[in-house]
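A look at the structure
Letter by letter, the chains look like this.
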Amino acid sequence: MMFWDGKYFLCVMLPGLIIGMWAQWKLHSAYGKYSQVPVESGLTGAEAARRILNEAGLVDMPVEEIEGQLSDHYDPTKRALFLSSDIYHGRTLAAVGVAAHEAGHALQHLHQDAMFNLRMALVPVTQFASYAWMGVIVLGMFLHLIPHYLMIAVVIFSVLTLFQLVTLPVEYDASARAKVQLFRLGLVREDERASISTVLDAAALTYVAALVNSVLQLLYYISAARNDRS
Ligand SMILES: [Zn+2]
C-alpha cells in the first residue's frame, strides 16, 4: 500500500485536484471580475473594515497592510486585521467584500462565537497533525519504520477533517456577518448585494474543496487500514 498507487491517484488525488482547481478558478474569476467594479460608496477595503470594527467598539484594533495576493486574514492572537495591498487600497466590490469578511472574523472573536472558539482551539492540534503527517510519510511509507502507519494516517486525517469541518461554518458565518454590517452601515448599496455575495461565496468554495479533499484522504486511509489488517 503506497500513496502513489493507482487507486490513490484515481480516488483521492485526481478528484481532489479537480475540485481544488475548480474552486480556485471560481475564486479567481469572481475576484478578477469584481476587483474591476468600483464600489458606489467609494470606500477602500481598509476604510470599510475600519467602519465595521469601530461600529462594534473595536476602535483600537489595527487594520494593517500585508504582502501577497488574497493573503487577507484576521489574526486572533494579535487581535489585528491584515489586508493584502489590493484589498487594503482597493475601492472595489471585491476589496470591500473581502475586507468586511475579515472584519466578520473579528466580530466572531468579540462575540465569542462557539465555532470560532472551537476552530481556534483546534489550530495547535491541527498543526501538530500536519507535522506528524510529514513524519509518517518519511518514516512509515518510505523507510517502513512505523508498523501501523495506516492507522496513524487515519487518526491524522480525522483531525484534519474535523478542522476543515469546523472551518466551513466559521467562514460562512464571517461572510454573513460581513453582509449584515455592509448593508446596515450603508457601506454597500442594495443593488450591489448580488455581486458582494458572488465574491464571498466563491471564497467560501475553497474551504468546501479543502474539506472534500480531507474527507477523500480520510476514507482512503480507512479503507487501506482495513485491507492491511485482513
Ligand atoms: Zn475567513
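Structure: above.
What you see is a predicted model, and the numbers here were worked out from it, not measured in a lab.

1. What about the coordination of the zinc ion?
For the zinc ion, the full set of protein donor atoms is His101 (NE2), His105 (NE2) and Glu171 (OE), at a range of 2.0 to 2.1 Å. Coordination of the zinc ion draws on donor residues from a single chain, spaced H-x3-H-x65-E in sequence. Of the two residues, His101 is situated in helix 4 (residues 93-110) and Glu171 in helix 6 (residues 149-184); the sequence distance between them amounts to 70 residues.

2. Quick look at the sheet that holds strand 2 (residues 73-75)
Here three strands make up an open sheet; going across it, the order is 1-3-2 and the pairing mixed. The sheet is open, and its two borders are formed by strand 1 (63-66) and strand 2, each paired with just one other strand. In this sheet, adjacent strand axes meet at a mean angle of 30 degrees when their direction is disregarded. Sheet topology places strand 2 next to strand 3 (residues 80-84); three bridges connect them, and they run antiparallel. Paired with Asp75 across the bridge in strand 3 is Ala80. Each of strand 2 and strand 3 touches helix 4; the most contacted strand, strand 3, lies at about 165 degrees to it.

3. Quick look at the packing of aromatic side chains
The tally for this structure, following the rule as stated, stands at five aromatic pairs. Ring centres 6.4 Å apart and planes at 40 degrees place the aromatic pair Tyr74 and Phe116 in the tilted group. Taken together, the residues Tyr74 in strand 2 and Phe116 in helix 5 (residues 114-142) connect sequence positions 42 residues apart. Just as Tyr74 is buried, Phe116 falls in that class too. Ring geometry for Trp133 and Phe157: centres 4.8 Å apart, planes at 75 degrees, overall edge-to-face.

4. A short note on the packing of helix 4 against helix 7 (residues 193-229)
Relative orientation of the contacting elements helix 4 and helix 7 amounts to 60 degrees, with a least axis distance of 9 Å. It follows that helix 4 is oblique to helix 7 by the angle criterion. The crossing of helix 4 and helix 7 is right-handed. Seen from helix 4, the contacting residues are Leu93, Ala94, Gly97, Val98 and His101; seen from helix 7, they are Ser195, Ile196, Val199 and Leu200. Tallied by class, the residues present in the contact of helix 4 with helix 7 amount to six nonpolar, three polar and no charged.

5. Details of a nonpolar patch on the surface
Together, Phe9, Leu10, Met13, Leu14 and Ile18 make up a nonpolar patch on the protein surface, roughly 470 Å² of accessible area in all. With respect to the secondary-structure elements, Phe9 resides in helix 1 (residues 6-34).

6. Quick notes on the pattern of salt bridges
Applying the stated criterion to the full structure yields seven salt bridges. Of the charged contacts in the structure, one is a salt bridge between Asp113 and Arg177, with a shortest N-O distance of 3.6 Å. Of this pair, Asp113 sits in the loop between helix 4 and helix 5 while Arg177 is found in helix 6, placing the two residues 64 residues apart along the sequence. Residue Asp191 pairs with Arg189 through a salt bridge whose shortest N-O separation is 3.0 Å. The exposure class assigned to Asp191 is exposed, which follows from its relative accessible area of 53%. Via salt bridges that share partners, Glu40, Arg189 and Asp191 belong to a single interconnected network.

7. Some thoughts on helix 2 (residues 45-55)
Every buried residue of helix 2 is accounted for by Gly45, Ala46, Ala48, Ala49, Ile52 and Leu53. Along the axis of helix 2, the buried positions cluster into a sector of 165 degrees, meaning they face one direction only. Buried residues in helix 2 make contact with strand 1, strand 3, helix 3 (85-89), helix 4 and helix 6. Note on helix 2: the residue one or two positions beyond its end, Gly57, has a positive phi of about 90 degrees.

8. A short note on helix 1
Across its 29 residues, helix 1 extends 40 Å between first and last C-alpha, which sits within 8% of the 42 Å expected from 1.5 Å per residue. Taken as a whole, helix 1 carries its principal kink of about 30 degrees at Met13; the proline Pro15 stands between one and four residues after it. Inspection of helix 1 places Tyr8, Val12, Gly16, Ala23, Leu27, Ala30, Tyr31 and Tyr34 among the buried residues, and these make up the whole buried set. Residues of helix 1 that are buried in the fold lie against helix 3, helix 4 and helix 7.

Basis of the calculations
- Residues numbered from 1 in each chain as written.
- Predicted model: local features only at pLDDT ≥ 70, side-chain atom pairs only at ≥ 80, totals over all residues.
- Heavy atoms only, no water.
- Donors = N, O, S within 2.8 Å, 3.2 Å for Na, K, Ca; no water.
- Helix = DSSP H or I, 4+ residues; strand = E, 2+ residues; numbered from the N terminus.
- Pairing = 2+ DSSP bridges.
- Axes fitted to C-alpha atoms, helices over the stretch in contact; angles between N-to-C directions.
- Contact = heavy atoms within 4.5 Å.
- Phe/Tyr/Trp six-rings, centres within 6.5 Å; stacked < 30°, edge-to-face > 60°.
- Buried < 20%, exposed > 50% of the residue type's maximum accessible area, 1.4 Å probe, protein only.
- Parallel < 35°, antiparallel > 145°, perpendicular 65-115°, else oblique.
- Left-handed = near helix turned anticlockwise from the far one by under 90°.
- Nonpolar A, V, L, I, M, F, W, Y, C, P; charged D, E, K, R; others polar.
- Patch = residues over 30% accessible without salt bridge, like charges linked within 9 Å, V, L, I, M, F, W, Y side chains within 5 Å.
- Areas by Shrake-Rupley, 256 points an atom, 1.4 Å probe, with all protein chains shown as cover.
- Salt bridge = Lys/Arg side-chain N within 4 Å of Asp/Glu carboxyl O.
- Arc of directions from axis to C-beta.
- Expected span 1.5 Å × (residues − 1).
- Bend = angle between axes of the 7 residues up to and from the residue.

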